[in-house]
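# Descriptive analysis of the structure
Residue strings, one per chain:
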Amino acid sequence: MALVKDEELIGFGDNSADTNNADKRPKKSGGFQCMGLSFSILKGITKKGYKVPTPIQRKTIPLVVEGRDVVAMARTGSGKTACFLLPMFEKLKTHCTKSGIRAIILSPTRELALQTLKFLKELGKFTGLRSIVLLGGDSMETQFSAIHEKPDIVVATPGRFLHICVEMDLSLKNVQYIVFDEADRLFEMGFGEQLNEIVQRLPENRQTLLFSATLPKVLVEFARAGLSDPVLIRLDVESKIPETLQLSFVSCRLEEKPAALLCLMNHVIPKTATTIIFAATKHHVEYLHAMLRENGIPNTYIYSDLHPSARKINVAKFQNAQVKVLIVTDVAARGIDIPHLDYVINYNFPAKVKLFVHRVGRCARAGREGHAICLVSGDELCYMLDLLLFLGRPLLLAGTDSESNKDSKNVSLGRIPLDYLDPQLSSLNAAHSSGSELDSLRKVSENAYKRYIQCRSGASMESVRRAKEVSLLHIGDSSLFDGKEVAGKSQILTGIKNYRPNGTVFEIGVSSNSELYTVMKATRRKHKNNIVSFHQKVQEILESKKATSEKPEINLEQSGNDDIATTFSQVISGKRKREPFLGNSKKQCTIDKENFIPYKPSDQAIEKELAVNNFTREANAVGVDLTGDTEAGMLGATKQRKVWDKKKKRIVTVGGQKKEGRIKSESGAWIPASYKSGRYAGWLEKTKTLSRIEEEQEDEGPVQNIKRKIPHTRWANHNLKVEMKKKLELKKPEQIAKAREQLERKQRRHGRHKKKGRRKH
């Protein structure tokens, strides 16, 4: 990707002004030249256009070059990929034909793996290292031949890589470097067993790196990765989301969301802007794709059940700017770097704060500006309050807190003007009533949403309580439509919407002589005073809020410790007086702030949302993977539980992963039995690769000679390994001398037999 000269990227600025004078020594600015990297690596960095490393790169790369195990946590888009690629190039140096695989990079999704491979080839263009990618859904025969080319680096997803290792009985003894990219996501997606098996196959002297956008303080969940004295690098945790990202929240009813999305695409988002729309399930993705296509908005889409080739083609269309809109589920919420992404739209508000952070992290990367727009329905308001609590921002309603909205960090919840929303609603209703495919897709998506909300985790009790207290009747228009509405028309429509008649359904349109009318009139006269007092209280509350919002805010600069020390010679802090109370007085408990360790950390709420696993959540045994966009994906992560079986008269395990069709590996992990299908043996016979391998290894020596018969059972595989281990053992000098003597005796004996045979003839 060529960089535009007029565009300045934070963290990758041009330092040509500092290097014009060749006589002056370069300043110690922490550039890539000061990290001890080779010339070929620096040449690739320069070719890519990077000059100054980001903070996470400046902290991580020197430690990784030293050979330390590192757990790095930084904000999305901060340049974590280069943190493990550059030291990997420095450690591997050049291509080696004898060692085979020396570095492994594991990614949670195929899109992230392909992106990593592309970035790897661009940065390591001048190193000569060979790299391949192993992804599920691709041809295994092609991957067999790629591994036989002896690559140095393998970028793969855990499931397919373990399948290849078991099928080929692949040796990983030469692996020096392994990277778990988006490590928390790897474990969340259920790759724990695969990762455990892969780690057991690796040598102990390897270097292990964990990179992720979110990691907890306690790294017990990642002990299975086998880190040795790791270093934790944690940057940009307090910011949570990029400062250059603008947030907007739009309130609408659930049935109005399709029309609200069309309003945003037609009136707010420019035609030339790149946009990603996140939906809850794959059925929503298909419906939105058809709806936008019917309204003349070209778009593409991806979800988990889509064929890998189709996913690759659709992502390539969006990355190459053939289409400007991409509709996805959470399968693309992690790790995908779309260059110059402008907008992210949350069609369905995420139930987890961490999912929101990663969704909006697709834009505003590397210092660029971005905009995230969220459509919030009534049942999603509590999740929005959870997010605002996590970000430390107040809930502001458009039209009521106008003065507070001037703060750039605060965001308000507004609605779409009716003069924009109503035409879209009428056109959609006409399209649905015509009996087209769009109507059937809408019904399927509505049924899928009912299933989705059953599997969705609940918000906090406090947010649910606060959501019930929020009144959206007098909410104003969103700031996205400022200056765009038609004068007068919107006010009339707003008045019609907010109109509340004094009578009830029993009084309007009913004869005054009917019994219902007389009963309701008598009841209204009886409770007239209570009704009037209630309306007065509501009016007083609104006036008090308006008065407090109109008060001018004066932001005074706070004094520092130095100012206080220079101004006052002595500072006396008064003690708080306790109010007198009846009963025996108790001694006040004093806390030693230097030595006292609190039971709860100050950032407990933040760490709870950033944590990979939660004990309370797991103990409830009802957790579901919310990133699943199908019913099988949402219900596939149910935990195991013990129940009493009346027929068997004993306790049995229900749920979880079944042991049927699974085998236990040497490390104790349960892996699918289909991993050993014999496809590799058939491929060897078909391509005549086995004879070629035998000829090559006979030239190297008899130690690595491979048997023609491929073991298919556990004991045959075990015996083969024992035999190979005996051949690979180092022999003592006495053993070598003994072997030579035996060889000489055998040669002399054969020589005598030949002489006797000649004499007889």
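An unreviewed UniProt entry lists the protein chain under the name RNA helicase, from Nezara viridula. As stated in UniProt under Sequence similarities (unreviewed entry), the record for the protein chain gives "Belongs to the DEAD box helicase family. DDX54/DBP10 subfamily." UniProt lists a comment for the protein chain under the heading Subcellular location (unreviewed entry), and it reads "Nucleus, Nucleolus".

## Points about unusual backbone geometry
Phi at K150 is positive, roughly 60°, even though this residue is not glycine. Note on K150: relative accessible area 34%, which makes it partly exposed. A positive phi angle is found at A321, which is not glycine, with a value near 65°. Given the relative accessible area of 41%, A321 is considered partly exposed.

## So, the environment of F84
Along the chain, F84 falls in helix α3 (residues 80-92). Separated by 127 residues in the primary sequence, F84 and F211 have C-alpha atoms spaced 8.5 Å apart. Setting aside residues no more than four positions away along its own chain, F84 makes contact with I105, T116, Y177, V179, D181, L209 and F211.

## Brief notes about the pattern of salt bridges
Side chains that carry opposite charge are capable of pairing whenever their charged atoms lie near each other. One pass over the full model with this rule turns up 19 salt bridges. Of the charged contacts, one joins D152 and R102 as a salt bridge, the two residues approaching to 2.9 Å between their closest N and O atoms. Residue D152 is found in the loop between α5 (140-148) and β4 (153-156), and its partner R102 is found in the loop between α3 and β2 (103-106); the two are separated by 50 residues along the sequence. The buried category is assigned to D152, whose relative accessible area is 0%. Using a relative accessible area of 7% as the deciding quantity, one classes R102 as buried. One salt bridge in this structure joins R253 and E256, with 2.6 Å as the shortest N-O distance. A network of salt bridges, in which partner residues are shared, links D439, R442, K443 and E446.

## Some remarks on the side chain of S248
Mapped onto the elements of the fold, S248 is located in strand β8 (residues 245-251). Contact partners of S248, with chain neighbours within four places excluded, come to H371, A372, I373, C374 and L480.

## Focus: the sheet that holds strand β11 (residues 325-328)
Spatially, the 8 strands line up as an open sheet ordered β10-β11-β9-β12-β13-β8-β15-β14, and their pairing is parallel. This sheet does not close on itself; its edge strands, each paired only once, are β10 (300-302) and β14 (396-397). Two strands pair when backbone bridges link them, and β8 and strand β13 (residues 370-376) are joined in this way by 7 bridges, in the parallel orientation. Note on β13: the bridge partner recorded for S251 is V376. Here helix α10 (residues 282-294) sits on the sheet and contacts β9 (275-278), β10 and β11; the angle it forms with β11, its principal contact strand, is near 155°.

## Some points on the pairing of strand β6 (residues 207-212)
Among the 6 residues that make up β6, 6 are buried, leaving the element largely enclosed by the rest of the structure. Here β6 shows two buried faces, one formed by Q207, L209 and F211 and the other by T208, L210 and S212. With 4 bridges connecting them, strand β1 (residues 70-73) and β6 associate as parallel partners. Bridge pairing in β6 places A72 opposite F211.

## Here we look at the sheet that holds β1
Taken together, 7 strands build an open sheet; the order of strands is β3-β4-β2-β5-β6-β1-β7 and the sheet is parallel. Each edge of the sheet is formed by a strand with only one pairing partner; in this case those strands are β3 (131-134) and β7 (231-234). Neighbour-to-neighbour, the strand axes of the sheet open up by a mean angle of 15°, direction not taken into account. This element, helix α2 (residues 55-65), spans β1, β5 (177-181), β6 and β7 of the sheet and lies at about 175° to β1.

## Let's talk about the packing of α2 against α3
Taken N-terminus to C-terminus, the directions of α2 and α3 make an angle of 30°; their axes are 9 Å apart at the nearest point. Between α2 and α3, the angle is such that the two are roughly parallel. Along this stretch, α2 crosses α3, giving a crossing that reads as right-handed. In this structure, α2 uses I56, Q57, T60, I61, V64 and V65 to contact α3, whose residues at the interface are A82, C83, L86 and P87. Grouping the constituent residues of the contact of α2 with α3 by class yields 8 nonpolar, 2 polar and no charged.

## Comments concerning the side chain of H163
Mapped onto the fold, H163 is located in helix α6 (residues 158-168). Excluding residues that lie within four positions of it along the chain, H163 makes contacts with M140, S674 and Y675.

## What to know about the nonpolar core
In terms of nonpolar packing, the biggest core is built from 81 residues, with F249 and I277 touching the most fellow members. With 9 residues, the top contributor of residues to this core is helix α13 (residues 381-391). With sequence-adjacent residues up to four places away left out, F249 is seen in contact with F349, C374, V376, M384, L387, L388, V411, S412, L413, G414 and S478. Grouped together as the second largest cluster of nonpolar side chains are 39 residues, A74, A82, L135 and L209 included.

## Some points on the environment of G503
One can find G503 in the loop between α17 (489-498) and α18 (515-526). Residue classification places G503 among the partly exposed residues on the basis of a relative accessible area of 27%. In the structure, G503 is positioned 18 residues away from K521 in sequence and 9.3 Å away in space, judged by C-alpha atoms. Dropping the residues within four chain positions of it, G503 is found in contact with I508 and R524.

## Some points on a nonpolar patch on the surface
Where nonpolar side chains cluster on the molecular surface, the patch consists of V505, F506 and L516 and spans about 310 Å² of accessible area. For L516, the position within the fold is in helix α18. Exposure remark for L516: the relative accessible area of 51% places this residue in the exposed category.

Definitions and limits used
- Residues numbered from 1 in each chain as written.
- Predicted model: local features only at pLDDT ≥ 70, side-chain atom pairs only at ≥ 80, totals over all residues.
- Heavy atoms only, no water.
- UniProt positions renumbered as here; feature names shortened; annotations may be inferred.
- Buried < 20%, exposed > 50% of the residue type's maximum accessible area, 1.4 Å probe, protein only.
- Helix = DSSP H or I, 4+ residues; strand = E, 2+ residues; numbered from the N terminus.
- Contact = heavy atoms within 4.5 Å.
- Salt bridge = Lys/Arg side-chain N within 4 Å of Asp/Glu carboxyl O.
- Pairing = 2+ DSSP bridges.
- Axes fitted to C-alpha atoms, helices over the stretch in contact; angles between N-to-C directions.
- Parallel < 35°, antiparallel > 145°, perpendicular 65-115°, else oblique.
- Left-handed = near helix turned anticlockwise from the far one by under 90°.
- Nonpolar A, V, L, I, M, F, W, Y, C, P; charged D, E, K, R; others polar.
- Core = buried A, V, L, I, M, F, W, Y, C linked by side-chain atoms within 4.5 Å.
- Patch = residues over 30% accessible without salt bridge, like charges linked within 9 Å, V, L, I, M, F, W, Y side chains within 5 Å.
- Areas by Shrake-Rupley, 256 points an atom, 1.4 Å probe, with all protein chains shown as cover.

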